[in-house]
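Here's the letter readout for the chains.
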Amino acid sequence: MRPVIPYVTAALLFGLGVYGVLRRRNAVLVLMAVELMLNAVNLVLVTADTTVRAVLPHSGQVFALFVIVLAAAEIGVGLAIVLQLYRLRASVTVDDVPLAEAPAGTEDAR
């Protein structure tokens, strides 16, 4: 098997995911871009497992399974944060999220 096509596909998926994380303002679309990046990593792991004969059999597939589990947990926590943000601000725009707490005694102008 020639591993060039899966590696190039994974690189394109990862690049598309990085572009989505850096350019999107909607938090749900940012989470989808992170999922694209994780799927690209899974593709690389499975391709490397089939092309490179490692000491441990099927190690790339096992790592891909762990990445899938971590992606499911990340989506669960991420969507909970996005829903709470929507309840508080009525918007899921990433630019409107305050990264630091306001000092005590000052009112938020929003």
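About the criteria used
Residues numbered from 1 in each chain as written. Predicted model: local features only at pLDDT ≥ 70, side-chain atom pairs only at ≥ 80, totals over all residues. Heavy atoms only, no water. Helix = DSSP H or I, 4+ residues; strand = E, 2+ residues; numbered from the N terminus. Contact = heavy atoms within 4.5 Å. Buried < 20%, exposed > 50% of the residue type's maximum accessible area, 1.4 Å probe, protein only. Lys, Arg positive; Asp, Glu negative; His and termini not counted. Salt bridge = Lys/Arg side-chain N within 4 Å of Asp/Glu carboxyl O. Axes fitted to C-alpha atoms, helices over the stretch in contact; angles between N-to-C directions. Parallel < 35°, antiparallel > 145°, perpendicular 65-115°, else oblique. Nonpolar A, V, L, I, M, F, W, Y, C, P; charged D, E, K, R; others polar. Expected span 1.5 Å × (residues − 1). Polar contact = N/O pair within 3.5 Å; in protein donor to acceptor, adjacent residues only side chain to side chain. Patch = residues over 30% accessible without salt bridge, like charges linked within 9 Å, V, L, I, M, F, W, Y side chains within 5 Å. Areas by Shrake-Rupley, 256 points an atom, 1.4 Å probe, with all protein chains shown as cover.

**Student:** Would you take a moment to explain the overall build of the protein for this structure?
**Tutor:** Counting its secondary structure elements, the protein contains three helices and zero strands. Helices (α) and strands (β) of the protein occur, in sequence order from the N terminus, as α-α-α. The contacts in the protein between residues at least 6 apart in sequence include a share of 56% that link residues at least 24 apart.

**Student:** Is there a simple way to think about the side chain of Glu-35 in this case?
**Tutor:** If you trace the backbone, Glu-35 turns up in helix α2 (residues 27–51). Summary of buried charges: Glu-35 has no salt-bridge partner, and the nearest side chain of opposite charge, Arg-24, is 15 Å away. Dropping the residues within four chain positions of it, Glu-35 is found in contact with Ala-71, Glu-74 and Ile-75.

**Student:** Would you mind showing me how to read the packing of α2 against helix α3 (residues 59–89) here?
**Tutor:** Two numbers describe how α2 lies on α3: the axes approach to 8 Å, and their chain directions differ by 175°. Considering the angle they form, α2 stands roughly antiparallel to α3. Here the residues of the contact of α2 with α3 are counted per class, giving 15 nonpolar, five polar and three charged.

**Student:** What exactly am I supposed to notice about α2 here?
**Tutor:** Look at α2: 37 Å from first C-alpha to last across 25 residues, which is about the 36 Å you get at 1.5 Å a residue. Those residues of α2 that fall on the buried side of the exposure criterion are Ala-27, Val-30, Leu-31, Ala-33, Glu-35, Met-37, Ala-40, Asn-42, Thr-47 and Asp-49. On its buried face, α2 sits against α1 (4–23) and α3. If you check the start of α2, you find a side-chain oxygen 3.3 Å away from the backbone N of Val-28, and it comes from Asn-26.

**Student:** How should a nonpolar patch on the surface be read in this particular structure?
**Tutor:** On the surface, a cluster of nonpolar side chains totalling about 380 Å² of accessible area is made up of Phe-14, Val-18, Val-21, Leu-22 and Val-41. By residue number, the principal contributor to the nonpolar patch is α1, which donates four residues. Relative to the helices and strands, Leu-22 is located in helix α1. Classification of Leu-22 by relative accessible area gives exposed; the value is 65%.

**Student:** Could you clarify how one ought to interpret the side chain of Asp-49 in this entry?
**Tutor:** Mapped onto the secondary structure, Asp-49 falls in helix α2. Apart from the residues within four sequence positions on either side, Asp-49 is in contact with His-58, Ser-59, Gly-60 and Gln-61.

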